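Listed below, chain by chain, are the residues.
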Amino acid sequence: MVNRSTNLFGNYSDWLQNNAKQNATVTISIKESVRGVIYNKQRINDYFDYTGKIILTSTLPVKTDISLTFISTHDITHMVPSPCLGSFNKADSTSSLTDNNLQLFLTPGFDTLELMKYKFDQVHPPVSGYYKVTNAKPGLQFNLQLQFYLEDKLVFDYIEVALPYPNRGPITSFSFDPQNSEATLNKAKNQITWRRNRPSLTDKMSLSGTLQFDSKLATTEKHPLLQDTNAYADVSFKCSSSTVSKMKLLSEAVIVFPSVRFRLNYDVSSVGTSIRIWNSAGEVLEQ
């Protein structure tokens, strides 16, 4: 057991005072992720998975305790606290600010710590859509439509859609509507990539077009599920200023003991890693 008065730093009180004069920082990051599958089929429910994590980086003096309070408008479930936490308390829905109140208590070190992993329920996905692919000799015709859940009021850094066709042979020609869309051909992956930076939530994001392939080089080895008109669109996005669950830190409720001067850094982000929209005119291939 280390004696505070004779530890490697010398006198603990003097050391604590010296560190208090330095620029100690506490950085809190809330990162959320959305994955999902949209089937566009009756009697088959779409699937979405919403997860998040809270990360702390601190340069507070050793043996300084910290208390953090978070709030959210969603029901936070399946919380997995880090072993580094001294305790945590998910209060009942008694706060006038929100439905959920989460308090974390710990003694941080100098490392980056993942304080908590969690899941949450979401009635409406932030992005949903419709995708239809049909044979149109000598190639394919497709129609993709995306829509946003406006009540979330998320601010997207970007929305990106990948339309892969790995088995049909190289894409030899294509046309898009609208013609001034930001869609491009990725020859290496044999897919159409469509990206919109900072889209307005009121925009109707839709893209349609026709594709032709070099069928002589078609194969079934790259993706055996994508036969005939079986196809999907993969949607990804990033929001660097908001979370889907509305989880946020109450900065005025950050408490350290003993009292130490520090600078609080705080950031939130949400990413859609893969929202897969299957062709409504094809077969359902995964559940």
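Since we're looking at a predicted model, the values are computed, not measured.

Rules and cut-offs
- Residues numbered from 1 in each chain as written.
- Predicted model: local features only at pLDDT ≥ 70, side-chain atom pairs only at ≥ 80, totals over all residues.
- Heavy atoms only, no water.
- Helix = DSSP H or I, 4+ residues; strand = E, 2+ residues; numbered from the N terminus.
- Buried < 20%, exposed > 50% of the residue type's maximum accessible area, 1.4 Å probe, protein only.
- Contact = heavy atoms within 4.5 Å.
- Areas by Shrake-Rupley, 256 points an atom, 1.4 Å probe, with all protein chains shown as cover.
- Salt bridge = Lys/Arg side-chain N within 4 Å of Asp/Glu carboxyl O.
- Phe/Tyr/Trp six-rings, centres within 6.5 Å; stacked < 30°, edge-to-face > 60°.
- Lys NZ or Arg CZ within 6 Å of the ring centre and 35° of its normal.
- pLDDT = per-residue confidence, 0-100.
- Pairing = 2+ DSSP bridges.
- Axes fitted to C-alpha atoms, helices over the stretch in contact; angles between N-to-C directions.

Colleague: I'd like a description of the overall build of the protein, backed by residues and values.
Modeller: A count of helices and strands for the protein gives one helix and 18 strands. The buried share among the 287 residues of the protein stands at 46%. By sequence separation, contacts in the protein at least 24 residues apart represent 79% of the contacts at least 6 residues apart. In the structure as shown, the protein presents an accessible area of about 15700 Å², 48% of it carried by carbon and sulfur atoms.

Colleague: Tell me about unusual backbone geometry, residues and numbers included.
Modeller: A cis amide bond links Lys137 with the next residue in sequence, Pro138, at an omega value of 10 degrees. Note that Pro138 resides in the loop between β8 (127–136) and β9 (139–148). In this chain, Phe257 is followed by Pro258 through a cis amide linkage whose omega measures -5 degrees. Summarising the element assignment, Pro258 is placed in the loop between β17 (255–257) and β18 (262–278).

Colleague: Just give me the short version of the pattern of salt bridges, but keep the residues and values in it.
Modeller: Summed over the entire model, instances satisfying the criterion amount to six salt bridges. Residues Arg35 and Asp49 are paired through a salt bridge, measuring 3.2 Å at the closest nitrogen-oxygen approach. Here Arg35, found in strand β1 (residues 24–38), pairs with Asp49, found in strand β2 (residues 47–58); they are 14 residues apart in sequence, far enough to count as distant. Overall, Arg35 belongs to the partly exposed group, its relative accessible area being 38%.

Colleague: An account of the packing of aromatic side chains is needed here, citing residue identities and associated values.
Modeller: The tally for this structure, following the rule as stated, stands at nine aromatic pairs. Within the aromatic cluster, the residues linked to one another by ring pairs are Phe48, Tyr50, Tyr118 and Phe120. The side chain of Arg168 reaches across the aromatic face of Phe213, ending 5.7 Å from its centre. Note that Arg276 overlies the ring of Tyr232, its terminal NZ or CZ placed 3.8 Å from the centroid.

Colleague: How would you summarise the environment of Val62 if you had to cite specific residues and measurements?
Modeller: Checked against the element boundaries, Val62 lands in the loop between β2 and β3 (65–72). Counting along the chain gives 45 residues from Val62 to Thr107, while the straight-line C-alpha distance between them is 8.0 Å.

Colleague: Run through the confidence of the model for the protein, naming residues and quoting values.
Modeller: When pLDDT is averaged across the protein, the result is 80; 81% of the residues are at 70 or more. Below pLDDT 50 for its whole length, residues 1–16 participates in 17 contacts with residues either more than four positions away or in separate chains. Long-range and interchain partners of residues 91–99, a stretch whose pLDDT sits below 50, account for 10 contacts in this model, where long-range means more than four residues apart.

Colleague: Explain the sheet that holds β9 residue by residue, including any values.
Modeller: Note on sheets: strands pair through backbone hydrogen bonds, and any given pair is parallel or antiparallel. Here four strands make up an open sheet; going across it, the order is β8-β9-β14-β11 and the pairing antiparallel. In the strand order of this sheet, the two ends are held by β8 and β11 (171–177), each with one partner. Each strand of the sheet is rotated relative to its neighbour by a mean of 20 degrees, with strand direction disregarded. Here eight bridges tie β9 to strand β14 (residues 205–213), and the two strands are oriented antiparallel to one another. Opposite Gly139, over in β14, you have Gln212 as the bridge partner.

Colleague: For the sheet that holds strand β7 (residues 112–120), give the residues involved together with the corresponding values.
Modeller: Spatial ordering of the open sheet is given by β4-β7-β2-β1-β18-β15-β10-β13-β12, a layout of nine strands whose pairing is mixed. Only two strands of the sheet have a single neighbouring strand rather than two, namely β4 (76–81) and β12 (183–186). Going from strand to strand, the sheet's axes swing by 20 degrees on average, the running direction of each strand aside. Note that strand β10 (residues 158–164) and strand β15 (residues 232–239) share five bridges and pair antiparallel. Note on β15: the bridge partner recorded for Tyr158 is Lys238.

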